[in-house]
Amino acid sequence: MISEVIPETYDATGRQTSRPFERRRGLHSTFPFGRYVSQPLGVKCKTIGDVRRFLADCKYVSDEEQFGKEDYWQPPEEFEKRKKGDCEDFALWTWRQLLSLGYDARFVAGSCGRYGSGHAWVEYFQDGKCYLMESLASRVGTFPRLSTVKYVPRFSASWDGKTVRYFSHTKPHTSLTARVVTPLIANYLIFWAYFWVANSYRLPRLLWKFLRRNIFKRELWLQHKTPER
């Protein structure tokens, strides 16, 4: 769920910008962004372990399946009642909990190879380092640093209790060197080998969920493409 990012591949701080999530086109929130930090939460986590345990009991459901909409960002207080949603919903709730725990945390939207073109996650800063928190992988305590290479932040938001600030991010132009990668390879291979062996019994179910989700998306696409008579 948590890993330290590799600075050469991840623009953690970005540069301050204005309200990227409230633009009419492209990436945008369902409500004015201040709505996601203004309401109290019913679940009070005392540790990151509490955050993980709550998320482990939540279910990933697409916005099309749950709301019949292409995109809907649930406010965190709604998500914790339904306990189901997509990546933005998981990440917004996680972000709120980390802020309550005193972390210098941000909600981040961008792209990740594993989850398609659009994805949302949380990052936080501690002891001069940036850590990436993948809310959809709550059953995994830490994951390899090389796995963070797939995450490309586009916009992020911070909140100091009074003001929401927004940041835009760019992909670093520097490339990974052998000096940086070599010490990380062994950990990456060992982690994923153990993960797939330990979860081999879940593969048929995961495959079925993947196929069902893509079939559902294709049916929606066909409905939109079919002209009315």
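All values reported here derive from a predicted model rather than from experimental measurement.

About the cut-offs
Residues numbered from 1 in each chain as written. Predicted model: local features only at pLDDT ≥ 70, side-chain atom pairs only at ≥ 80, totals over all residues. Heavy atoms only, no water. Core = buried A, V, L, I, M, F, W, Y, C linked by side-chain atoms within 4.5 Å. Buried < 20%, exposed > 50% of the residue type's maximum accessible area, 1.4 Å probe, protein only. Helix = DSSP H or I, 4+ residues; strand = E, 2+ residues; numbered from the N terminus. Contact = heavy atoms within 4.5 Å. Phe/Tyr/Trp six-rings, centres within 6.5 Å; stacked < 30°, edge-to-face > 60°. Lys NZ or Arg CZ within 6 Å of the ring centre and 35° of its normal.

A. Inspection of the nonpolar core at higher detail. If you look at the biggest cluster of nonpolar residues, it comprises 35 residues, and the most contacted ones within it are Phe21, Phe33, Trp95, Phe107 and Met133. For this core, the secondary-structure elements that each account for two or more residues are helix H1 (35-38), helix H2 (48-56), helix H5 (87-100), strand S5 (104-112), strand S6 (116-126), strand S7 (129-133), strand S8 (151-159) and strand S9 (164-168). Residues contacting Phe21, with those up to four places away along its chain left out, are Leu27, His28, Ser29, Phe33, Trp73, Phe107, Ala109, Phe155, Ser156, Ala157 and Tyr166.

B. The packing of aromatic side chains, seen in detail. A full pass over the atoms with the stated rule returns 21 aromatic pairs. Ring plane angle 65° and centroid distance 6.2 Å describe the contact between Phe21 and Tyr166, whose orientation is recorded as edge-to-face. Here Phe21 is found in the loop between strand S2 (15-17) and H1, whereas its partner Tyr166 is found in strand S9, with 145 residues between them in sequence. One exposure class covers both Phe21 and Tyr166, and it is buried. Among the aromatic residues, ring-to-ring pairing joins Phe21, Phe31, Phe33, Tyr36, Phe67, Tyr72, Trp73, Trp95, Phe107, Phe155 and Tyr166 into one connected group. Just above the ring of Phe31 sits the side chain of Arg35; from NZ or CZ to the centre is 5.8 Å. A cation over an aromatic ring shows up here: Arg106 above the ring of Phe167, its NZ or CZ 3.7 Å from the ring centre.

Any link to function would need more than the numbers given here.
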